[in-house]
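What follows is each chain in one-letter form.
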Amino acid sequence: MTDLQSHHFASFDGADLAWHEVGTGRPVVMLHGFFSDADTNWIKYGHDDTVAARGFRVIMPDLRAHGTSARPHDAAAYPPDVLASDGLALIAHLGLTDYDLVGYSLGARTAIRMMIMGAKPRRSVISGMGYQGVIDTGRRVDFFRRVLTQGGSFERGSPEFLAEAFLKSSGGDPKALVHILDTFVPSTDAELAAIDRPVLLLCGEDDRDNGSAEALAQALPNARYQAVPGNHMSAVAKPDLGMAIADFLAA
């Protein structure tokens, strides 16, 4: 599509954050993953167009420290749950009251935190995330901290090497992104059980990076699990992901 537009707004603490949108119709906010941005996660592989073609206004923020949003290096700019607070601030800025919410990986965890903190989407797609990644948010922090602080030292082909390569390809700022690791807040079973929205747990069939998506679906009262081809990195590059999101939201 040719009508992609980019905008900026001041978040709850004044941070300058960007969002990109395409299409018209029902609003859906789509949150990208760690080290990524709206372009890498949603636009590059056409998922935004796939969803927009079904009658949606697709709103895709660049999360704090990512993409064209502010990338402060000061730890004070990264309080607990800051990404969820940013997401709620964007919804308030746009005046959205009837909308859907989608997230991939870090964006999926952020969407869950937003719903726990009061967001009321009609429907939500939680993708590339499992139960352990929501309950135990520290389980992969050491891995990402190594990638962000020990660049250039990893054995070729190792998980750290591949993560660093992705970081470089997306133009990530390690000195900003490392602070995101300190903002993670684990969710409890009781908090998950209180999320009554219809939720699709959408995950690559070979994706175990964040634990079990099936178990996360079971922890939510109104959720179902669906597999798409690929692992945590490759599922985003396949059209199946965007089509599954669009099918669920348009149903």
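Presented here is a report on the structure given in the accompanying data block. Here the structure is a predicted model, which means the values were calculated and not measured.

1. Some remarks on helix 11 (residues 239–250)
- Given a rise of 1.5 Å per residue, twelve residues ought to cover 16 Å, and the 16 Å separating the end C-alpha atoms of helix 11 matches this to within 8%.
- Buried within helix 11 we find Leu241, Gly242, Ala244, Ile245, Ala246, Phe248 and Leu249.

2. Description of the nonpolar core
- Of all hydrophobic cores here, the largest spans 56 residues; its most connected members are Phe34, Phe35, Ile126 and Leu216.
- For this core, the element with the highest residue contribution is helix 3 (residues 82–94), accounting for seven residues.
- Excluding anything up to four places from it in sequence, Phe34 contacts His66, Leu106, Phe144, Leu148, Phe166, Leu177, Ile180 and Leu181.
- One finds Val58, Leu202, Ile245 and Ala246 within the second-largest nonpolar core, a separate group that totals 25 residues.

3. Points about the packing of helix 3 against helix 4 (residues 106–116)
- The contact between helix 3 and helix 4 brings their axes to 8 Å, and the two run at 70°. Considering the angle they form, helix 3 stands roughly perpendicular to helix 4. Note on packing geometry: the crossing formed by helix 3 with helix 4 is right-handed. The residues of helix 4 that touch helix 3, namely those facing Leu83, Ala84, Gly87, Leu88 and Ile91, are Leu106, Thr110, Arg113 and Met114.
- Taken together, the residues of the contact of helix 3 with helix 4 break down into six nonpolar, two polar and one charged.

4. A few points about the sheet that holds strand 3 (residues 26–31)
- If you trace the eight strands from one edge of the open sheet to the other, you get 1-2-4-3-5-6-7-8, paired in mixed fashion. Of all strands in the sheet, those bounded by a partner on one side alone are strand 1 (5–10) and strand 8 (223–228). Averaged over all pairs of adjacent strands, the angle between their axes in this sheet comes to 20°, without regard to strand direction.
- When strand 6 (residues 124–127) meets strand 7 (residues 199–204), the two strands line up parallel, connected through four bridges. The residue of strand 7 that forms the bridge with Ser124 is Val199.
- Sheet contacts for helix 11: strand 3, strand 4 (56–61), strand 5 (100–104), strand 6, strand 7 and strand 8; angle to strand 7, the most-contacted strand, approximately 170°.

5. Topic: helix 7 (residues 159–169)
- Every buried residue of helix 7 is listed here: Glu160, Ala163, Glu164, Phe166 and Leu167. One side of helix 7 holds all its buried residues, which, seen down the axis, span an arc of 160°. Counted as exposed and oriented over 90 degrees from the buried face of helix 7: Leu162, Lys168 and Ser169.
- Turning to helix 7, the residues buried within the fold contact helix 1 (38–43), helix 6 (141–149) and helix 8 (174–180).
- Backbone geometry just downstream of helix 7 places Gly171 in the positive-phi region, at approximately 70°.

6. With respect to the pairing of strand 7
- In terms of residue burial, strand 7 counts as a mostly covered element, since six of its six residues are buried.
- What you see with strand 7 is no split at all: Val199, Leu201 and Cys203 on one side and Leu200, Leu202 and Gly204 on the other are buried throughout.
- Looking at chain direction, strand 7 and strand 8 are connected through six bridges and run parallel. Bridge assignment links Leu202 to a residue of strand 8, and that residue is Gln226.
- In the classification by handedness, the crossover that spans strand 7, the intervening helix 10 (residues 213–219) and the parallel strand 8 is right-handed.

Calculation rules
- Residues numbered from 1 in each chain as written.
- Predicted model: local features only at pLDDT ≥ 70, side-chain atom pairs only at ≥ 80, totals over all residues.
- Heavy atoms only, no water.
- Helix = DSSP H or I, 4+ residues; strand = E, 2+ residues; numbered from the N terminus.
- Expected span 1.5 Å × (residues − 1).
- Buried < 20%, exposed > 50% of the residue type's maximum accessible area, 1.4 Å probe, protein only.
- Core = buried A, V, L, I, M, F, W, Y, C linked by side-chain atoms within 4.5 Å.
- Contact = heavy atoms within 4.5 Å.
- Axes fitted to C-alpha atoms, helices over the stretch in contact; angles between N-to-C directions.
- Parallel < 35°, antiparallel > 145°, perpendicular 65-115°, else oblique.
- Left-handed = near helix turned anticlockwise from the far one by under 90°.
- Nonpolar A, V, L, I, M, F, W, Y, C, P; charged D, E, K, R; others polar.
- Pairing = 2+ DSSP bridges.
- Arc of directions from axis to C-beta.
- Right-handed = clockwise from strand over helix to strand, strands pointing away.

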